[in-house]
Amino acid sequence: MSAGATGDTLCFFVNGKKVTEKHVDPETTLLSFLREKLRLTGTKYGCGGGGCGACTVMVSRYRPANKSICHYSVNACLLPLCQLHGAAITTVEGIGSTKTRIHPVQERIAKAHGSQCGFCTPGMVMSMYTLLRNNPQPSLEDITQALTGNLCRCTGYRPIIDGCRTFCQEANCCQLNGGTNSGSKEENPEETPLLFDKSQFLPIDHTQELIFPPELILMAETSSPQTLTFRGERVTCVSPVLLEELVQLKTSNPEAPLIMGNTKLGPDFKFKGVVHPLIISPIRVLELFEVTETTHGVWVGTGFPLSEIWAILKKLCRQFPEEKTELFRALIQQLRNVGSQQICNVATLGGHIMSANPNSDLNPILAAGNCSVSTISSGGWREVPLNQEFFLSFGKTVLRPEEIVVSVLIPFSRKGELVRAFRQAPRKECAFATITTGMRVLFSEGFRVVEDVSIYFGGVGPKTAKAVQTCATIVARPWNAETLSQAYEVLVKEFDFPPSIPGGKAEFRRSLTLSFLFKFNLEVLQSLRKMNVIENIVVENMEPLPGEIQLSQQHFQHVSKGQSDQDPVGRAIIHSSAISQATGEAIYCDDLPKTDGELFLSLVTSSRAHAKIINVDVSDALLLPGVVDVITAKDIPGKKTRMFSGYDEEMLAQTQVSCIGQIVCAVLADTRAHARRAASAVNISYEDLSEPIFTIEDAIKRSSYFEPRRKLERGNVEEAFKSVDLVHEGAIRIGGQEHFYMETQSILVLPVREQAEFKIYASSQSPTSVQIAVSETLAIPANRVSCHVKRLGGAFGGKFVKTVILACITSVAAWKTNCAVRCVLERGEDMLITGGRHPVLGKYKVGFQKDGRILAADIQIWTNAGNAVDVSIFVAEKILLHLDNAYNIPNLRGRAAACRTNLPSNTSFRGFGVPQVACVIENLISDVGLTLQRPVDQVREINMYKGPSLTHYKVEFSPENLLRCWDECKAKSDFCSRRIAVDTFNEQNRWKKRGLSIIPIKYGIAFSEGVMNQSAALVNIYQDGSVLVTHGGTEMGQGVHTKMQQVVSRELHIPMSKVYIGETSTNAVPNTFISAASFGTDANGMAVKNACQTLYQRLEPVRQKNPKGTWESWVSAAVMEKISLSATGFSRGPDSYIDWDKMEGQPFPYFTYGVCCSEVELDCLTGDYRTMRTNIVADVGQSLNPSVDIGQIEGAFMQGLGLFTMEELKFSPCGLLYTRGPSQYKIPAVCDLPLSFNIHLLSDSNNPHAIYSSKGIGEPTLFLGSSVFFAIKDAVAAARKEVGLSGPFSLDSPATAERICLACASPFAQNQEKEMG
Ligand SMILES: Cc1cc2nc3c(=O)[nH]c(=O)nc-3n(C[C@H](O)[C@H](O)[C@H](O)COP(=O)(O)OP(=O)(O)OC[C@H]3O[C@@H](n4cnc5c(N)ncnc54)[C@H](O)[C@@H]3O)c2cc1C
Ligand code: FES
Ligand code: FES
């Protein structure tokens, strides 16, 4: 092949079909090619940076050298198309479909209820599929490893793992619930209904898989590879075959990067806007893929991806004696933690070393292990040691730009040599380390003296760095307490950790360096003991935290014996579109095909937190290729603002901006890439206004609030304080949370070009809000605007207010250009612009008796609302309404204020303030327990509502089910015996502690504004007997459509298969309200039921005429008799209200209750922890669908676990959100799943206030994730006891490793302790 003016032709296969591309732009990724060119939209875009796994596909390549085919999973979003010559790609569409046959992986994930919103599902399927192609009988560990890089925001992972583990052959996997309902010993398995029946699953049949295309084998075997050149709009890529040619190319273009895995370069191109006119792809240069053994060690080619390096090292470990493989084993351990499977399958050793990332996990251990690299350039070969001189700064090494690293020498270890690696990261897996280290010690003969020692750290500054002075302190001395104690003293001063260190956490970083040296010491001592070099020293064995996933239990009640088999209500029915989600056929907004002339809209946002806009210069942007127009506020024909709680919010800022990320204008272009490039070319000049406010504290100081501030009070708080035994004051901060729905905000507006009619497809939880807002913005009647929502890839409250604004802006663009316009936010934009959960500062004063009774509490809650009011007033109100959580505090006062700051405005988020306020209350209770030195669960029990009760807003209720949940949870979790076991463990372990907690929730369901509780539905019966249902709820993974099908099936006495729920549309069902407040099923279920009952009654005459007839016969007869078979249904819903002046009302028709017990094990040296076991007992009334409800409980719990223990938003000092993607913002992944995760639905619970006696469950159990927070707190308290600290202490949420480690107050973290006190 020779390069023409437009470059060479690329040849590869997708799902068995040959693709030949003549014009390949090196900037095109496989993902955009699949989605936009081939219209294979099953592969999803979630982040674009390799961090979420939604885009996972399988790549297969033929290796002529050993005539084998290798399969590996990759992130299509990072894979340049031009790297794919000769490869075969398999996407989710290629392995199965509902039209042909579904693949067992698709079936099992779907039927095990592992797909809720489904946006992550194709990626999960492809990761698992690839694993099975390589390993048909994987272990559970293989499965969790394969899914490391696949995020799911809905399910909590347990059902995905359970579906996948049905492929395992392990003993424990065959008792699975299906299922995992192994049941506890005392229970009879026959009594226990299962979530799924694995005996029905299709067997895996590898003969059915797509074969590797013989044409590609032939091509690889016969044609001699030639240099390929691909030319794009801005970038050319040359892919040589011979090393000499590579050297020549690099010599003439020293600045051209070598593109290997593209996991460093790709994110730079995409997120930093880096452009290299020439890139060189050496992936076909064979010298980079050689392994050569020598007497010193093994030379490994730098072209190998990290997963292959791992396999090579594993093999070498089997081949050589242990003594020689110390370094190999330490490397294997670190490699296990680098990125995800998909990343390790492409990221190369050469790319890793040359990226010179200061947080690299491999460079410290390679350097400590005395590795060196062999390089080539036009000057010839040379060997360069990988030592402290090698790494200069981020991205810079001592190598000259034209040098190519060909291989790395990994030496054998010598007798008397010990090598270890440690790391601590914000998440156990797929997260860059905060501190990472490689340590090596070589003892002289007899282990008496340290002959050599080498300690390198990552995360201590701008480069991988050696602890030179510390090493000097240790060398030539015996390895004993005195040497080590001096080493700590030197190490604590050796690195400078200024507060401005990138990534922050200065004190934590310092303490980690010490902790790791201490851990190394323990390991060395263990080894010396094993070798009988030392005796009489007891060394604590710091085993890694437990990680083996256990069997989980999901218990729910059978339907009553009398219920007809046809009636699906109360049964574990799979999500109605789970299968099509697993096959990639399910359509999300951005999967809709591009229409003729369609334009893409990209937003331009403010880069100042508080400033006057002086000028918006769009001239450069307009000159760029493909750009059509720029939309500003002046283009809006109708209302330019949206009003919330009496405050106007501009959709496009005109004169002033009040946060970084506020939308100023938007660029329209022919493609996404063009629109995005042009958006960054818009120049806005500003004049800064008064100092911005970012924190709650600053807002309080400057009295910056959105009014009204609310207050709720019962009893006489002041008087009560006078009479109590003890008074304590405390505070807790709870950080915000990003929704991180897997599908980012997406909108497509189609002008119908007649009478100003617009069709809007939006990822919106509230289609009516979109419709009304767009009509007002365009100044047209609402009857010209229809909003359609098929499904959302998760929402969690985040696709309401912000989506409305985005839809309005996109509609203005469509209105102005008369073209279809699409706007899909990048993950980073979405996180920057759309806000999240309100951060909270809670301060409290509590008065209590020595016996634990709390008699008075005065609580003040401030939320950080951001720059616009959004729903912040309602959040503050809901906070106050849940001030009591589960406790009867006779004198209780709460005040809540929404602080107005210069951060992007926060919005609704699952739980709507309740998780935050409940956490404040539980912290207050915890403080009481710690003050009295009494078990906190006892303080909870003493103060819990009992008997007929009155809330603090004067509503009567019975807490009976709350108490039942509490008792059952205690019993199911073996709370009392585990308390003893935990205490015993803590006595026996100094550096590891366990903690246990049990936490209740009482959650008010529905909107406290009665008007929002109404709902409507339309049910049409067609002549063939099929039924189409449209209702006001949107399907976002919560299973509302499935539940509605169940309702219709019961009401019309027909199988669910006859019922189809199309899209949610304002055309079919008008004037609906947002799907939120855990009220979707209650509201829409009643409306659907109402419509069905109308229809069923209308059919009564024909049924009477033909009682033995079939459904179809009655429907035909009805048509003949001119009976209308279309009916609307309506439900007023509860008339909830709250009178804030009188401080009373009836805000909620009922409560959902839950109790959760969690146990954690903590590594006090690093702050790392693992949730060992979680037991939840939830009162969902009579569950309408236990699998959906359990899915909601688990998913919400995991989201709560993220909120309270790991998800941390970070802002720059000038108010810019730093955490704008999965690499900076960590949501729970598979590795965070409690090892044993058990859900129990309270039996025999009834609820007269909702459909079929069920209860809303979407939000309540999110707060139960805090049981992990409080279990951590319990463990930290045990750690503090070791250093003589007792009583209440401060631990803010999220309890990150940093906070935990510092709160443990180990000798290594003492500096910080002083500050905390
Ligand atoms: C989502 C994600 C998670 C990650 N997690 C971790 C983690 O937990 N720990 C960790 O340590 N790292 C992590 N990484 C970083 C990852 O290990 C590196 O990005 C990767 O190893 C770089 O290799 P590459 O082949 O993709 O390099 P590329 O991006 O292809 O190239 C990177 C640089 O190396 C140069 N280069 C490549 N090969 C050579 C060569 N042979 N000679 C000279 N120069 C060369 C290129 O010119 C380029 O400048 C993560 C990355 C991502 C995207
Ligand atoms: S979209 Fe590729 S990993 Fe997120
Ligand atoms: S089902 Fe996994 S993200 Fe929604």
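Quick note: structure is the one above.
Being a predicted model, the structure only gives us computed values, none of them experimental.

### Some points on helix H9 (residues 265-272)
Moving on, step 1. Of the residues making up H9, those classed as buried are Leu265, Gly266, Pro267 and Asp268.
Moving on, step 2. Looking one or two residues past H9, Gly273 carries a phi angle of roughly 70 degrees, positive in sign.

### Re the packing of helix H3 (residues 104-111) against helix H4 (residues 121-134)
Moving on, step 1. Axis separation between H3 and H4 bottoms out at 9 Å; the angle between their running directions is 130 degrees. In this view, H3 runs oblique relative to H4, as classed from their interaxial angle. H4 is crossed by H3, and the crossing has right-handed handedness. When H3 is examined against H4, the residues Val105, Gln106 and Ile109 are found in contact with a partner set consisting of Thr121, Met124, Val125, Met128, Tyr129 and Leu132.
Moving on, step 2. Grouping the amino acids of the contact of H3 with H4 by side-chain chemistry returns seven nonpolar, two polar and no charged.

### Describing the sheet that holds strand S45 (residues 1126-1131)
In a beta sheet, neighbouring strands pair by backbone hydrogen bonds and run either parallel or antiparallel.
Moving on, step 1. Strand order across the open sheet formed by four strands is S43-S42-S41-S45, with mixed pairing between neighbours. Unpaired on one side and paired on the other, strand S43 (1059-1061) and S45 mark the two borders of the sheet. Taking each pair of neighbouring strands and ignoring which way they run, the sheet shows an average axis angle of 20 degrees.
Moving on, step 2. Sheet topology note: the strand S41 (residues 1015-1021)/S45 ladder contains six bridges and is antiparallel. Residue pairing across strands places Ala1016 opposite Phe1130, the latter belonging to S45.
Moving on, step 3. This element, helix H32 (residues 1080-1105), spans S41, strand S42 (1027-1031) and S45 of the sheet and lies at about 140 degrees to S45.

### Section: the site of ligand 1
Moving on, step 1. In the neighbourhood of ligand 1, 31 residues make up the surrounding shell, with Met260, Gly261, Thr263, Thr348 and Asp361 lying closest.
Moving on, step 2. Between ligand 1 and Leu258, the relevant distance is 2.9 Å, taken from an oxygen atom to a main-chain nitrogen or oxygen of the residue.
Moving on, step 3. In this structure, an oxygen atom belonging to ligand 1 sits 3.1 Å away from a main-chain N or O atom of Gly339.
Moving on, step 4. With the chains in place, 92% of the 990 Å² that ligand 1 exposes on its own is no longer accessible.
Moving on, step 5. Sorting the residues of the shell around ligand 1 by element identifies helix H13 (349-355) and strand S15 (404-411) as the ones contributing at least two each.
Moving on, step 6. Sorting elements by how many residues they give to the shell around ligand 1 places H13 first, with five residues.
Moving on, step 7. When its residues are assigned to classes, the shell around ligand 1 shows 13 nonpolar, 14 polar and four charged.

### Remarks on the pairing of strand S7 (residues 236-239)
Moving on, step 1. Residues Thr236 and Val238 line one face of S7 and the alternating positions Cys237 and Ser239 line the opposite face, and both faces are buried.
Moving on, step 2. Here four bridges tie strand S6 (residues 228-231) to S7, and the two strands are oriented antiparallel to one another. Each residue of the ladder has a partner; that of Thr229, found in S7, is Val238.
Moving on, step 3. Between S6 and S7, which pair antiparallel one after the other, the connecting turn spans four residues.

### Details of the sheet that holds strand S9 (residues 291-293)
Moving on, step 1. Spatially, S9-S10-S15-S11-S12 is the arrangement adopted by the five strands of the open sheet, whose pairing is antiparallel. Looking at which strands have only one partner, the edges of the open sheet turn out to be S9 and strand S12 (380-385). The sheet shows a mean angle of 20 degrees between the axes of neighbouring strands, taken without regard to direction.
Moving on, step 2. Judged from the three bridges that link them, S9 and strand S10 (residues 297-301) form a sheet pairing that is antiparallel. Within the sheet, the bridge partner assigned to Thr292 lies in S10 and is Trp299.
Moving on, step 3. Lying over the sheet, helix H10 (residues 306-319) contacts S9, S10 and S15, oriented at roughly 160 degrees with respect to S10.

### With respect to the nonpolar core
For soluble globular proteins, nonpolar side chains are generally found buried alongside one another.
Moving on, step 1. Ranked by internal contacts, the top residues of the largest apolar core, which has 222 residues, are Leu601, Ile859 and Ile1272.
Moving on, step 2. In terms of residues, this core owes the most to one element, helix H27 (residues 914-932), which gives 11 residues.
Moving on, step 3. Once residues within four sequence positions are removed from consideration, Leu601 is found in contact with Ile631, Ala666, Val667, Leu668, Ile809, Thr810, Ala813, Val821, Arg822 and Cys823.
Moving on, step 4. Counting 73 residues, the second largest nonpolar core, distinct from the first, contains Leu228, Phe230, Cys317 and Ala330.

### Describing the pattern of salt bridges
Moving on, step 1. Applying the stated criterion across every chain yields a total of 79 salt bridges.
Moving on, step 2. One salt bridge in this structure joins Lys799 and Glu743, with 2.9 Å as the shortest N-O distance. With Lys799 in the loop between strand S33 (785-789) and helix H24 (801-817) and Glu743 in the loop between strand S30 (726-734) and strand S31 (746-751), this pair connects stretches of sequence that are 56 residues apart. You'll find Lys799 and Glu743 in the same group, each marked buried.
Moving on, step 3. As a salt-bridge pair, Lys1105 and Glu1121 come within 2.8 Å of each other at their nearest N and O atoms. Note that Lys1105 is positioned in helix H32 and Glu1121 in the loop between helix H33 (1111-1120) and S45, a separation of 16 residues in sequence.
Moving on, step 4. Judged by its relative accessible area of 36%, Glu1121 falls in the partly exposed class.

### Description of the side chain of Glu743
Moving on, step 1. A residue is classified by how much of its surface remains accessible, and Glu743, at 2% relative accessible area, is buried.
Moving on, step 2. One polar contact links the side chain of Glu743 to the main-chain amide nitrogen of Gly793, over a distance of 2.7 Å.
Moving on, step 3. The residues contacting Glu743, other than those within four sequence positions of it, are Phe119, Tyr588, Cys589, Ser763, Leu792, Gly793, Lys799 and Arg827.

### Points about the packing of helix H34 (residues 1186-1205) against helix H35 (residues 1266-1282)
Helix packing geometry: the angle between the two helix axes and the distance between the axes.
Moving on, step 1. At their nearest, the axes of H34 and H35 sit 7 Å apart, and the two run at 45 degrees to each other. Classified by the interaxial angle, the pair formed by H34 and H35 is oblique. Residue-level inspection shows Phe1197, Leu1201, Phe1204 and Thr1205 of H34 in contact with H35, the latter providing Ser1266, Ser1267, Val1268, Phe1269 and Ile1272.
Moving on, step 2. Its residues assigned to classes, the contact of H34 with H35 shows six nonpolar, three polar and no charged.

### Considering empty space enclosed by the protein
A water-sized probe rolled over the atoms picks out the places where empty space is left.
Moving on, step 1. Throughout the structure, instances matching the rule amount to seven cavities of 30 Å³ or more.
Moving on, step 2. Reported here for the largest cavity is a volume of approximately 110 Å³.
Moving on, step 3. In this structure, the largest cavity is lined by 15 residues; those nearest its centre are His113, Gln116, His575, Ser1187 and Val1188.
Moving on, step 4. The leading source of residues in the lining of the largest cavity is H34, at five residues.
Moving on, step 5. In terms of residue class, the lining of the largest cavity is built from four nonpolar, 10 polar and one charged.

Each value, and the rule that gives it
- Residues numbered from 1 in each chain as written.
- Chains lettered and ligands numbered in written order.
- Predicted model: local features only at pLDDT ≥ 70, side-chain atom pairs only at ≥ 80, totals over all residues.
- Heavy atoms only, no water.
- Buried < 20%, exposed > 50% of the residue type's maximum accessible area, 1.4 Å probe, protein only.
- Helix = DSSP H or I, 4+ residues; strand = E, 2+ residues; numbered from the N terminus.
- Axes fitted to C-alpha atoms, helices over the stretch in contact; angles between N-to-C directions.
- Parallel < 35°, antiparallel > 145°, perpendicular 65-115°, else oblique.
- Left-handed = near helix turned anticlockwise from the far one by under 90°.
- Contact = heavy atoms within 4.5 Å.
- Nonpolar A, V, L, I, M, F, W, Y, C, P; charged D, E, K, R; others polar.
- Pairing = 2+ DSSP bridges.
- Near = heavy atom within 4 Å.
- Polar contact = N/O pair within 3.5 Å; in protein donor to acceptor, adjacent residues only side chain to side chain.
- Areas by Shrake-Rupley, 256 points an atom, 1.4 Å probe, with all protein chains shown as cover.
- Core = buried A, V, L, I, M, F, W, Y, C linked by side-chain atoms within 4.5 Å.
- Salt bridge = Lys/Arg side-chain N within 4 Å of Asp/Glu carboxyl O.
- 1 Å grid on protein atoms, 1.4 Å probe; cavity = no way out; pocket = protein on both sides within 12 Å on 5 of 7 lines; lining within 4 Å.
- Points joined across faces, edges and corners; volume = space filled by probe spheres on them.

Any functional reading would require information beyond the geometric quantities listed.
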